[in-house]
Amino acid sequence: MQLKITTWNINSVRLRFSQVATFLAEHEPDVLCLQETKCRDAEFPASDFRKLGYEHLAISGQKGYHGVAIVSRLPLQEVERRNFCQIGDARHISARVSVADKSIRVDNFYVPAGGDKPDVQINPKFAHKLSFLDELDKWISQDSFSKNMSLIVGDLNIAHLENDVWDHRAMLKEVSHTPPETDKLKQIIERGNWIDTLRRFTPDDQKLYTWWSYRSPNWAAADKGRRLDHIWASQPLEPYLQNIEILREARGWERPSDHVPVSLVLKF
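In short, a report on the structure. Note that this is a predicted model, so its numbers are computed, not measured. (Residues numbered from 1 in each chain as written. Predicted model: local features only at pLDDT ≥ 70, side-chain atom pairs only at ≥ 80, totals over all residues. Heavy atoms only, no water.)

**Side note on the sheet that holds strand E14 (residues 262-267)**
Working definition: the strands of a sheet are paired by backbone hydrogen bonds and lie parallel or antiparallel to each other. Read across the sheet, 6 strands follow the order E3-E4-E2-E1-E14-E13 without closing on themselves; strand pairing throughout is mixed. With partners counted over all chains shown, the strands left at the sheet margins are strand E3 (56-60) and strand E13 (241-246), one partner each. The mean angle between the axes of side-by-side strands here comes to 10 degrees, regardless of whether they run parallel or antiparallel. Pairing geometry for E3 and strand E4 (residues 68-72), over 5 bridges, is antiparallel. (Pairing = 2+ DSSP bridges. Helix = DSSP H or I, 4+ residues; strand = E, 2+ residues; numbered from the N terminus. Axes fitted to C-alpha atoms, helices over the stretch in contact; angles between N-to-C directions.)

**Digging into the nonpolar core**
Within the largest apolar cluster, 29 residues are counted, with the highest numbers of intra-cluster contacts made by Ile 5, Ile 70, Ile 104, Val 106, Leu 151 and Leu 264. By residue number, the principal contributor to this core is strand E6 (residues 92-99), which donates 4 residues. Setting aside residues no more than four positions away along its own chain, Leu 151 makes contact with Ile 5, Ile 104, Arg 105, Val 106, Asp 107, Ile 231, Trp 232, Ala 233, Leu 237, Leu 264 and Leu 266. Ranked by size, the runner-up nonpolar core spans 24 residues in total, among them Trp 8, Ile 10, Val 13 and Phe 17. (Core = buried A, V, L, I, M, F, W, Y, C linked by side-chain atoms within 4.5 Å. Buried < 20%, exposed > 50% of the residue type's maximum accessible area, 1.4 Å probe, protein only. Contact = heavy atoms within 4.5 Å.)

**Considering the environment of Ala 95**
Checked against the element boundaries, Ala 95 lands in strand E6. Each C-alpha atom of the pair Ala 95 and Arg 81 lies 9.1 Å from the other, and the pair is 14 residues apart in sequence. Not counting residues within four places of it along the chain, the set of residues in contact with Ala 95 comprises Ile 70, Leu 76, Gln 77, Glu 78, Val 79, Ile 104, Arg 105 and Val 106.

**A look at the pattern of salt bridges**
One side chain can pair with another of opposite charge once the charged atoms of both are near each other. Under the criterion given, the structure shown has 20 salt bridges. Among the salt bridges present, the one from Glu 43 reaches Arg 40, with a minimum N-O distance of 2.7 Å. In this structure Glu 43 comes out as partly exposed when scored by relative accessible area, which is 27%. Where salt bridges share partners, they join Asp 164, Asp 196, Arg 199 and Arg 227 into one cluster. (Salt bridge = Lys/Arg side-chain N within 4 Å of Asp/Glu carboxyl O.)

**Overview of unusual backbone geometry**
Excluding glycine, most residues fall at negative phi; most peptide bonds, likewise, are trans. Positive phi, close to 55 degrees, is recorded for Asp 223, a residue that is not glycine. Here Asp 223 lies in the loop between helix H7 (219-222) and strand E11 (225-226). Classification of Asp 223 by relative accessible area gives partly exposed; the value is 26%.

**Some details on the sheet that holds strand E12 (residues 229-233)**
Strand order across the open sheet formed by 6 strands is E5-E6-E7-E8-E12-E9, with mixed pairing between neighbours. Single-partner strands in this sheet number two, and they are strand E5 (77-80) and strand E9 (195-196). As paired elements, strand E7 (residues 102-110) and strand E8 (residues 150-155) share 6 bridges and run parallel to each other. Paired with Phe 109 across the two strands is Gly 154, which belongs to E8.

**A closer look at the layout of surface pockets**
Roughly 1,200 Å³ of internal volume is contained in the largest pocket. Elements supplying a minimum of two residues to the lining of the largest pocket: helix H3 (124-140) and strand E10 (211-212). (1 Å grid on protein atoms, 1.4 Å probe; cavity = no way out; pocket = protein on both sides within 12 Å on 5 of 7 lines; lining within 4 Å. Points joined across faces, edges and corners; volume = space filled by probe spheres on them.)

**Section: the packing of aromatic side chains**
Taken as a whole and assessed by the stated rule, the structure comprises 13 aromatic pairs. Ring geometry for Phe 44 against Phe 49: centres 5.4 Å apart, planes inclined by 15 degrees, an arrangement best described as stacked. No difference in accessibility class separates Phe 44 from Phe 49, as the two residues are buried. Among the aromatic residues, those joined into a ring-pair cluster are Phe 84, Phe 109, Phe 132, Trp 139 and Phe 145. It is Lys 224 that lies over the ring of Trp 166; its NZ or CZ is 4.5 Å from the centre. (Phe/Tyr/Trp six-rings, centres within 6.5 Å; stacked < 30°, edge-to-face > 60°. Lys NZ or Arg CZ within 6 Å of the ring centre and 35° of its normal.)

**A short note on the environment of His 259**
When you line up the elements, His 259 lands in the loop between E13 and E14. The spacing of His 259 and Arg 227 is 32 residues in sequence and 9.3 Å in space, taken between C-alpha atoms. Apart from residues no more than four positions distant in its own chain, His 259 is found in contact with Trp 8, Asn 9, Asp 155, Thr 210, Trp 211, Leu 228 and Asp 229.

What follows is the structure, encoded as structure tokens:
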């Protein structure tokens, strides 16, 4: 048996539901984790997902901003929403799914982008991002995550390796690739002994992107991307990692998100 789980910052689930429906029909993930759904829980297109066979939903919404959701063909258990930094933003949701005799916890995150200036003195958004990462580090370093079957997925808004961005040196002062962010993310990965699954299947010395800016008039030719979307696996899942799929072509769809779907296949 296998489990296919996808993470995708959809940048408005209602605006782009037709794209989501196409993706689900063609790629058939078992579990889809969305970020930036940008709607309240009551406005989430739950009935539309159920018509497509995704009957199990865990939603944490917010009017016009943020928002995360897990939609699944498999039952979801132990749904949890954590309020990071006590701000009330809808940036996390988790649930447990079972495949064969395996029970896997899935935590779906939308980490704050951090604004434009990487300076906590003048940019409260950047300070918020670093505080969020500190709390995330403390929380998921617990044994309950690392010693059990766990997945961390989502738009973490950080490209922490040199080849996760189109030009490492040029971007060292660009939010998403500054040392204060990348060092914290590396620390979180190392402390929890997480497997960075995208890099498990693509060596560190190769360029790897999941996001291309709307500001680029010809994103494909310029190819100035960043790897902002992540799937991490705890060590107990290591024997079951099968492959990673990054649907680059989705960036070229009509009225696309600036992120593309990223999927992990686990085979049991």
